[in-house]
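Now for the letters of each chain:
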Amino acid sequence: LGLWLDADDPSTITTVSGGVSEWRDKSGSGRVFSQGTANNRPTVATNVFGTKPAIRFDGSNDTLKSTADAASLLFPATCFIVANKPVSTSDGGLFTHIKSGFNAYDSAHAWVMLTNSNGAAIRVMGATSTTLFPGVGAAATLLGKFLASLRLTTNSGILKNRTAGLSNTDSAFSFSATPANDGCGVGFLSVSSGATNFDILYLAGDIAEVLIYSRALSASEESSVENYLA
């Protein structure tokens, strides 16, 4: 387990005047996702998934970022995200690698998971294509509350919307270079030019939990994680 963010564990969350200034990793890797600007802090929303809380991003400028090494979260890896996309406003980044000198849309160095502009599907961008996965949707017009998983090996990936029972496979997933040891973030999609990072595609929605394993899990292991999250 390389990353574990859990909105249902208040001991991992620090708030300042109602805004989340830190969301700390429970995996033992020591990552801290933080936001130093008060106006750019998400909030803790209660009773989002039944009685469970989530971190709410406003779709305007809210981000949480970690500067810790994220290379182990690139590939092989298996990522699970429990989130809520209740409105069809713009794309929204769920998990992203923050890198210097690359563009997340056409780089061969990283992957990002996001929701698409109509809010009805999950997509993965990065690697060798701007649209690595066509996306996996939901039964309804909007995603709403969902559990998504992404399993990556050296040359393929499987993206699933486990709530809707849909999946998509890409067999051409590959990297052309070894990624640098840069950071990562939640609630937005990061694109950078040169050495300057800037943020676009802010999430208008909620993230309750993120788990990323630094290897491709087996089907039975994935089922165990899914049962826990359910």
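Predicted model only: the values in this text are computed from it and were never measured. (Residues numbered from 1 in each chain as written. Predicted model: local features only at pLDDT ≥ 70, side-chain atom pairs only at ≥ 80, totals over all residues. Heavy atoms only, no water.)

1. Quick look at the overall build of the chain
When helices and strands are tallied, the chain shows one helix and 19 strands. When each of the 230 residues of the chain is scored for burial, the buried share is 53%. (Helix = DSSP H or I, 4+ residues; strand = E, 2+ residues; numbered from the N terminus. Buried < 20%, exposed > 50% of the residue type's maximum accessible area, 1.4 Å probe, protein only.)

2. Notes on the pairing of strand 2 (residues 13-16)
Each regular strand shows side chains that alternate between the opposite faces of the sheet. Sheet analysis places strand 2 next to strand 3 (residues 19-24), joined by four bridges and oriented antiparallel. By the bridge assignment, Ile13 is partnered in strand 3 with Trp23. Hairpin connection from strand 2 to strand 3: two residues lie between these consecutive antiparallel strands, with Ser17 at a positive phi of about 55 degrees. (Pairing = 2+ DSSP bridges.)

3. Looking at the pattern of salt bridges
Counted according to the given criterion, the structure contains 10 salt bridges. Put simply, Asp6 and Lys26 hold a salt bridge, and the shortest N to O gap is 3.0 Å. Placement of Asp6 in strand 1 (residues 3-6) and of Lys26 in the loop between strand 3 and strand 4 (32-34) is noted, with a sequence separation of 20 residues between them. Taking the relative accessible area as the measure of exposure, Asp6 reaches 6% and is therefore buried. Two residues, Asp206 and Arg56, come together in a salt bridge whose shortest N-O distance is 2.6 Å. Here Asp206 is found in strand 19 (residues 204-213), whereas its partner Arg56 is found in strand 6 (residues 52-58), with 150 residues between them in sequence. Residue class for Arg56 comes out partly exposed when judged on its relative accessible area of 38%. The network of salt bridges with common partners includes Arg151, Lys160, Arg162, Glu222 and Glu226. (Salt bridge = Lys/Arg side-chain N within 4 Å of Asp/Glu carboxyl O.)

4. Structural notes on the packing of aromatic side chains
One pass over the full model with this rule turns up two aromatic pairs. Ring geometry for Trp4 and Tyr228: centres 6.3 Å apart, planes at 90 degrees, overall edge-to-face. Highlighted residues: Trp4 in strand 1 and Tyr228 in helix 1 (residues 219-229), separated in sequence by 224 residues. Between Phe80 and Tyr213, the ring centres sit 6.3 Å apart and the planes meet at 85 degrees, which makes this aromatic pair edge-to-face. Pair noted here: Phe80 is in strand 8 (residues 77-85) and Tyr213 is in strand 19, with a separation of 133 residues, a long-range link. Each member of the pair, Phe80 together with Tyr213, is buried. (Phe/Tyr/Trp six-rings, centres within 6.5 Å; stacked < 30°, edge-to-face > 60°.)

5. Structural notes on the side chain of Gln35
Here Gln35 lies in the loop between strand 4 and strand 5 (43-49). Within polar-contact distance, the side chain of Gln35 engages the side chain of Thr63 at 2.7 Å. The residues touching Gln35, leaving out its near neighbours within four places in the chain, are Val20, Ser21, Asn40, Arg41, Thr63 and Leu64. (Polar contact = N/O pair within 3.5 Å; in protein donor to acceptor, adjacent residues only side chain to side chain. Contact = heavy atoms within 4.5 Å.)

6. Observations concerning the nonpolar core
In terms of nonpolar packing, the biggest core is built from 37 residues, with Trp23 and Met113 touching the most fellow members. Phe80, Leu211, Tyr213 and Val225 belong to the second-largest nonpolar core, a separate cluster that totals 13 residues. (Core = buried A, V, L, I, M, F, W, Y, C linked by side-chain atoms within 4.5 Å.)

7. Observations regarding the environment of Asp91
Here Asp91 lies in the loop between strand 8 and strand 9 (92-98). Given the relative accessible area of 14%, Asp91 is considered buried. Spatially, the C-alpha atoms of Asp91 and Arg123 are 9.8 Å apart, while their sequence positions differ by 32 residues.

8. Digging into the environment of His97
Of note, His97 is situated in strand 9. Note: C-alpha distance between His97 and Met113 (16 residues apart in sequence) is 9.6 Å.

9. Regarding unusual backbone geometry
Working note: non-glycine residues mostly have negative phi, and peptide bonds are mostly trans. In this structure, Ser17 takes a positive phi of about 55 degrees despite not being glycine. By the secondary structure assignment, Ser17 is in the loop between strand 2 and strand 3. The exposed category is assigned to Ser17, whose relative accessible area is 83%.

10. With respect to the confidence of the model for the chain
Model confidence for the chain is summarised by a mean pLDDT of 83, while 82% of its residues fall at 70 or above. Between residues 102-108, whose pLDDT stays under 50, and residues either more than four places distant or in other chains, the model counts 29 contacts. (pLDDT = per-residue confidence, 0-100.)

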